[in-house]
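# Results of the structural survey
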Amino acid sequence: MKSITIVGGGLAGLTLGIGLRQHGVPAALWEAGHYPRHRVCGEFISGRGQETLARLGLRELLERAGAVGADTAAFFSATQSTRPVPLPSRAICLSRFTLDQLLANEFQKLSGELWAGKRWNDGDAGEGIVRATGRRLQPEEGGARWFGLKAHASNVSLTAGLEMHVSPRGYVGLCRVNGGQVNVCGLFRRRAGESVGTQNRREWLCGPIGSPLHQRLASAEFDEDSFCAVAGLSLQPQQAAVRNECCVGDAITMIPPVTGNGMSMAFESAELAIEPLAAWSRGEISWAETRPQIARRCDAAFARRLAWAKWLQRFVLTPALQNTLVRFAAKNDWFWRMAFERTR
Ligand SMILES: Cc1cc2nc3c(=O)[nH]c(=O)nc-3n(C[C@H](O)[C@H](O)[C@H](O)COP(=O)(O)OP(=O)(O)OC[C@H]3O[C@@H](n4cnc5c(N)ncnc54)[C@H](O)[C@@H]3O)c2cc1C
């Protein structure tokens with residue numbers, strides 16, 4: 001059988017590697033970083049990707065690693081809030097520190113070849129190469145510079161499994177993860193001249209003084225080692241079919257983080273790629289057939305949710321609409337339930 005090279009050992013790359021090994025396909029995975037490591041992520045796993053995890057036998061591993069179930073959500077702006085409302089389907093929350101390591105171990109247990117700390121520099125459009133390198137860098141989008149920031153904190157009480165706080169700068173999600181910590185993760189718009197560094201990263205995460213978020217995090221004790229940031233995020237939806245390479249996960253496109261569905265898309269896209277790649281490995285189809293087949297599967301699965309997510313993100317990030325939006329959501333359960341379901 002021919003071997004598959006996976007470039008990038010985040011969730012998409014590792015899940016794909018595991019799925020291929022379960023089908024007996026030789027797989028080598030290159031990851032520029034090391035495990036375990038903190039990643040900027042809301043750590044809130046929600047959507048169809050949970051079914052992928054169950055089908056690949058991984059769901060149980062997450063549970064055993066201490067994943068915390070989230071059944072409710074509450075939304076906050078500067079002046080408005082909703083009560084905790086039941087999520088249409090349960091989410092699970094696990095730190096990326098634990099999750100990525102767990103998947104890397106599983107890949108190796110299945111005799112996958114893992115090259116951690118090795119950056120792939122040989123191009124990724126060749127036969128048998130899958131790009132799982134995560135988000136594509138975009139320094140500026142529509143005049144805005146987006147960045148993500150996250151840290152774990154203790155001594156924080158939450159009113160719901162997920163708290164989502166919006167502010168003119170962006171939004172911050174809070175959820176309890178394994179080990180009793182709360183993950184505090186935000187997406188922010190940086191204006192010219194604004195900086196983010198060790199001196200002011202707490203200010204970004206804790207929100208404006210007097211806001212519900214600031215009150216919630218007033219006694220938070222942050223784990224300094226868990227702070228991490230990413231910049232250059234692109235939030236415009238892209239199609240897999242327009243890519244020259246065979247891609248999975250954020251390498252196809254990044255769904256706006258407000259949906260809490262990016263990890264799910266990483267798991268799902270990896271699963272959608274397994275069968276065609278296994279067929280290529282066995283010599284049953286050519287690479288020229290394999291790559292578009294995977295792209296078509298991913299585009300069919302994700303087009304609708306990406307379109308809804310684009311609008312949701314736009315509403316949530318428009319400062320003039322934020323209070324109205326939360327007030328409306330507080331009175332109309334159907335509104336946010338619909339937004340939740342359509343972005344999954
Ligand atoms: C602020 C923010 C909050 C989020 N919150 C949530 C949430 O609550 N729920 C959710 O589901 N999703 C969330 N997401 C999205 C989620 O984190 C991503 O969708 C998910 O991590 C994508 O997985 P991936 O494997 O495609 O990419 P990644 O996890 O980014 O992995 C890509 C890997 O490729 C490696 N790599 C890159 N180039 C090379 C190379 N040349 N050679 C070797 N290795 C390479 C990188 O080191 C990296 O480890 C959030 C994202 C942001 C920015």
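Residues numbered from 1 in each chain as written. Predicted model: local features only at pLDDT ≥ 70, side-chain atom pairs only at ≥ 80, totals over all residues. Heavy atoms only, no water.

## Notes on empty space enclosed by the protein
Evaluated as defined, the whole model comprises one cavity of 30 Å³ or more. Lining the largest cavity, in full, are A240, R243, E245, C246, C247, I252, R291, I294, A295 and C298. Looking at the lining of the largest cavity, the elements with two or more residues in it are β14 (246–247) and α8 (287–316). Element by element, the count of residues in the lining of the largest cavity is highest for α8, at four residues. A per-class count over the lining of the largest cavity returns seven nonpolar, no polar and three charged. (1 Å grid on protein atoms, 1.4 Å probe; cavity = no way out; pocket = protein on both sides within 12 Å on 5 of 7 lines; lining within 4 Å. Points joined across faces, edges and corners; volume = space filled by probe spheres on them. Helix = DSSP H or I, 4+ residues; strand = E, 2+ residues; numbered from the N terminus. Nonpolar A, V, L, I, M, F, W, Y, C, P; charged D, E, K, R; others polar.)

## Quick look at the site of the ligand
Close to the ligand lie 35 residues, the nearest being E31, G42, F44, D250 and M263. At a separation of 2.9 Å, an oxygen atom of the ligand approaches a polar backbone atom of A12. Note that an oxygen atom of the ligand is positioned 2.9 Å from one of the side-chain N or O atoms of R96. Within the residue set of the shell around the ligand, elements represented by two or more residues are α1 (11–22), β2 (27–31), β11 (182–190) and α7 (262–281). It is α7 that provides the largest number of residues to the shell around the ligand, a total of three residues. Class assignment for the residues of the shell around the ligand results in 16 nonpolar, 11 polar and eight charged. (Near = heavy atom within 4 Å. Polar contact = N/O pair within 3.5 Å; in protein donor to acceptor, adjacent residues only side chain to side chain.)

Function-wise, these values are silent; they only describe arrangement.
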